[in-house]
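# Tertiary structure, described
What follows is the residue order along each chain.
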Amino acid sequence: MMVDMTSQSTPSSIPLGARVVLMRHGETEWARTGKHTGRTEVPLTPLGEMQATATGNRLRTLDLRNPMILTSPRLRAQLTGDLAGLPEERTWDALSEWDYGDYEGLTTPEIRATVPDWTVWTHPCPGGEQADQIHARTDMVLSMVRSQLPERDVILIGHGHFSRALIARWLELPVTEGKRFALSPGAYTVLGYEHGATHLLHHNVPPLVEA
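Residues numbered from 1 in each chain as written. Predicted model: local features only at pLDDT ≥ 70, side-chain atom pairs only at ≥ 80, totals over all residues. Heavy atoms only, no water.

## A short note on the overall build of the protein chain
This is how the line gets drawn: Numbering goes from the N terminus for both helices and strands, where a helix is a DSSP run of H or I of at least four residues and a strand is a run of E of at least two. Note that the radius of gyration is over C-alpha atoms, with the globule rule given as 2.2 Å times the number of residues to the power 0.38. Per-residue accessibility, obtained with a 1.4 Å probe over protein chains only, is compared with the maximum for each type, and a residue is labelled buried under 20%, exposed over 50%, and partly exposed between these values. Positive charges come from Lys and Arg alone, negative charges from Asp and Glu alone, with His and the N- and C-terminal ends not counted. Here the site of a charge means NZ on Lys, CZ on Arg, CG on Asp, or CD on Glu.
Of regular secondary structure, the protein chain possesses six helices and six strands. Going from the N terminus to the C terminus, the protein chain shows its helices and strands as β-α-α-β-α-β-α-α-β-α-β-β. A compact globule built from 211 residues would reach a C-alpha radius of gyration of about 17 Å, and the protein chain, at 16 Å, matches this within 12%. Counting only C-alpha atoms and orienting by the principal axes, one finds that the protein chain spans roughly 50 × 35 × 30 Å. For the protein chain, with 211 residues in total, the buried portion stands at 52%. Charged side chains of the protein chain number 19 positive and 25 negative; the gap between the two group centres comes to 3 Å.

Here it is in structure tokens:
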């Protein structure tokens, strides 16, 4: 399937009630223990699988308009979509998680042992992506999303940090303001418009499962 990456839509061309859903993959062992997981393929835990199924059930109550479903190429995101009953139109590399470079697989306390006060939002990731690169990637993704909204809603199945960056840019904030939007494993966020302004309609809606 080919998607027009250059078409632009203004808020006035997008119908009232148009929505974008960002769904984070279910729990993995690395997510549970706080390890930064970019390129590494880490499977869902049994809880993560239950989260994916539960969130899929919740999303069906939103009555989305013939949604386009795009998924990160990472297997944890693809399995989340499958378990949620959300058949992807395609995987898209642009939805991959932030590339943490040398910090892949490390926790924040481990990184701060050598770089005090480090966060992905405020400090470099040696050998990986920096905030300005994430800015460009999020804006490209949102440009495509806006091109689809006149006709249908969009579901993006991906990851924590990159989805938080998408939220920040949707709200016309710097990528670094993604630090203010938590997104838990298996949870989803709904973005939309009101009177031509971008809005955060629902945020970090959790899967209804027992941990």
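There's plenty left to go through after this.
## Structural notes on the nonpolar core
Inclusion rule: The criterion is simple. A nonpolar core is a set of buried Ala, Val, Leu, Ile, Met, Phe, Trp, Tyr and Cys residues joined through side-chain atoms within 4.5 Å. By definition, residues are in contact when any of their heavy atoms lie within 4.5 Å.
Grouped together as the largest cluster of nonpolar side chains are 34 residues, with contacts concentrated most on Val20, Trp98, Val141, Val145, Leu149 and Leu156. When contributions to this core are tallied by element, the ones reaching two or more residues are strand E1 (19–24), strand E2 (68–71), helix H5 (131–148), strand E4 (154–158), helix H6 (160–170) and strand E5 (188–194). Discounting chain neighbours no more than four positions away, the residues touching Leu156 are Val20, Val21, Leu22, Met23, Leu70, Leu95, Val141, Val145 and Leu166. With 14 residues, the next largest nonpolar core counts Met23, Leu64, Ala77 and Ile157 among its residues.

## Thoughts on unusual backbone geometry
Of note, Asp117 is a non-glycine position whose phi angle comes to about 70°, a positive value. Structurally, Asp117 is set in the loop between helix H4 (108–112) and H5. One non-glycine residue, Asn204, lies in positive phi territory at about 50°. Among the structural elements, Asn204 can be located in strand E6 (residues 197–205).

## Describing H5
Let me state the cut-off plainly: One less than the residue count of a helix, multiplied by 1.5 Å, gives the span that helix is expected to have.
With 18 residues, H5 extends 26 Å between its outermost C-alpha atoms, agreeing within 8% with the 26 Å of an ideal straight helix rising 1.5 Å per residue. Within H5, burial applies to Ile134, Arg137, Thr138, Val141, Leu142, Ser143, Met144, Val145, Arg146, Ser147 and Gln148.

## Structural notes on the sheet that holds E2
Stated formally: One requirement defines pairing of two strands: DSSP has to find at least two bridges between them. Here, axes are lines fitted to C-alpha atoms. For helices the fit covers the stretch in contact, and angles between N-to-C directions go from 0 to 180 degrees.
Pairing in this open sheet of six strands is mixed, and the strands run E3-E2-E4-E1-E5-E6 from one edge to the other. Both edges of this open sheet fall to strand E3 (90–91) and E6, since each of them pairs with a single strand only. Relative to E4, E1 runs parallel, the two sharing five bridges. In the strand pairing of E4, Val21 is matched with Ile155. Against the sheet, H5 engages E1, E2, E4 and E5, with an angle of about 150° to E4.

## Looking at the environment of Leu62
Examined against the element boundaries, Leu62 turns out to sit in the loop between helix H2 (46–59) and E2. Classification of Leu62 by relative accessible area gives buried; the value is 17%. In this structure, the C-alpha to C-alpha distance between Leu62 and Val190, residues 128 residues apart in sequence, is 9.9 Å. When sequence neighbours within four positions are dropped, the list of residues in contact with Leu62 reads Arg19, Val21, Tyr188 and Val190.

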